[in-house]
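Topology and contacts: notes
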Amino acid sequence: MNYIRHLRGLFNRVEEDANITSHHISLYMALFNLWNVNRFRERFEVNRLDLMAMARIGSRNTYAKFSSLLLRSTKCTPKVLFDSMSINLI
């Protein structure tokens with residue numbers, strides 16, 4: 001796992017896709033940090049309230065909107081984002 005190459009890939013996507021907002025980036029970085037903390041395991045659990053706090057998202061509606069968009073996007077599936085990592089959002 002090359003940390004720098006992975007982050008560079010994220011920023012390349014941000015440059016290419018004008019639909020990616022600061023909310024997407026914030027959620028992605030929070031998830032990436034949790035993946036790192038979990039030693040890049042293929043599966044790990046994420047507490048929604050903890051993830052919201054890490055991403056500095058205060059509204060459950062905002063979280064629901066951007067997390068579903070991030071995970072549903074054909075370019076931003078967990079497999080693509082995290083090299084076949086899958087997450088369990090609880």
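Attention in this report is confined to the structure presented alongside it.

Calculation notes
Sequence order sets the numbering: in each chain, residues are counted from 1 along the sequence as written. Local features in a predicted model are, by the rule used here, given only for residues with pLDDT of at least 70; side-chain atom pairs are given and counted only at 80 or more, and totals for whole chains, interfaces and linings are based on all residues. Side-chain measures were taken over the full set of non-hydrogen atoms in the model, leaving aside hydrogen atoms and water. The numbering of helices and of strands both runs from the N terminus, where a helix is a DSSP run of H or I of at least 4 residues and a strand a run of E of at least 2. Only protein chains enter the calculation, and the probe is 1.4 Å; a residue is then buried if its accessible area is under 20% of its type maximum, exposed if over 50%, and partly exposed in between. Should any heavy atoms of two residues lie within 4.5 Å, those residues are counted as being in contact. Per-residue and other accessible areas follow the Shrake-Rupley method at a 1.4 Å probe size, with only the shown protein chains counted as cover for residues. Each residue after the first adds 1.5 Å to the expected span of a helix. Arc definition: it is the arc formed by the directions from the helix axis to the C-beta atoms. Two aromatic rings, drawn from Phe, Tyr or Trp (for Trp, its six-membered ring), form a pair once their centres lie within 6.5 Å of each other, and the interplanar angle then sorts them: stacked below 30 degrees, edge-to-face above 60, tilted otherwise.

A word on the overall build of the protein chain. Tallying secondary structure elements over the protein chain gives five helices and two strands in all. Secondary structure of the protein chain in N-to-C order comes out as α-α-β-α-α-α-β. For the protein chain, buried positions account for 33% of its 90 residues. In the protein chain, once contacts between residues fewer than 6 apart in sequence are set aside, the share between residues at least 24 apart is 61%. Taken as a whole, the protein chain presents about 5,800 Å² of accessible surface, with 51% of it coming from carbon and sulfur.

Residues that lie three or four places apart on an α-helix share one face, since the helix turns once every 3.6 residues. Taking 1.5 Å per residue, 14 residues should reach 20 Å; helix H1 (residues 3–16) reaches 20 Å between its end C-alpha atoms and fits that length. Along H1, the residues that are buried comprise His6, Leu7 and Leu10. Down the axis of H1, the buried set is contained in an arc of 95 degrees. They therefore lie on one face. Of the residues in H1, the exposed ones pointing more than 90 degrees away from the buried face are Ile4, Arg5, Glu15 and Glu16.

This part is about the environment of threonine 62. With respect to the helices, strands and loops of the structure, threonine 62 is situated in helix H4 (residues 60–72). What makes threonine 62 partly exposed here is its relative accessible area of 22%. Residues threonine 62 and methionine 52, spaced 10 residues apart in sequence, show a C-alpha to C-alpha distance of 9.5 Å. Setting aside chain neighbours within four positions, we find threonine 62 in contact with His23 and Ile57.

Another point: the packing of aromatic side chains. Tallied over the entire structure, the rule returns four aromatic pairs. Ring pairing ties together the aromatic residues Tyr28, Phe32, Trp35 and Phe40, which thus form one cluster.

So far we have only geometry, and geometry alone does not tell us how the molecule works.
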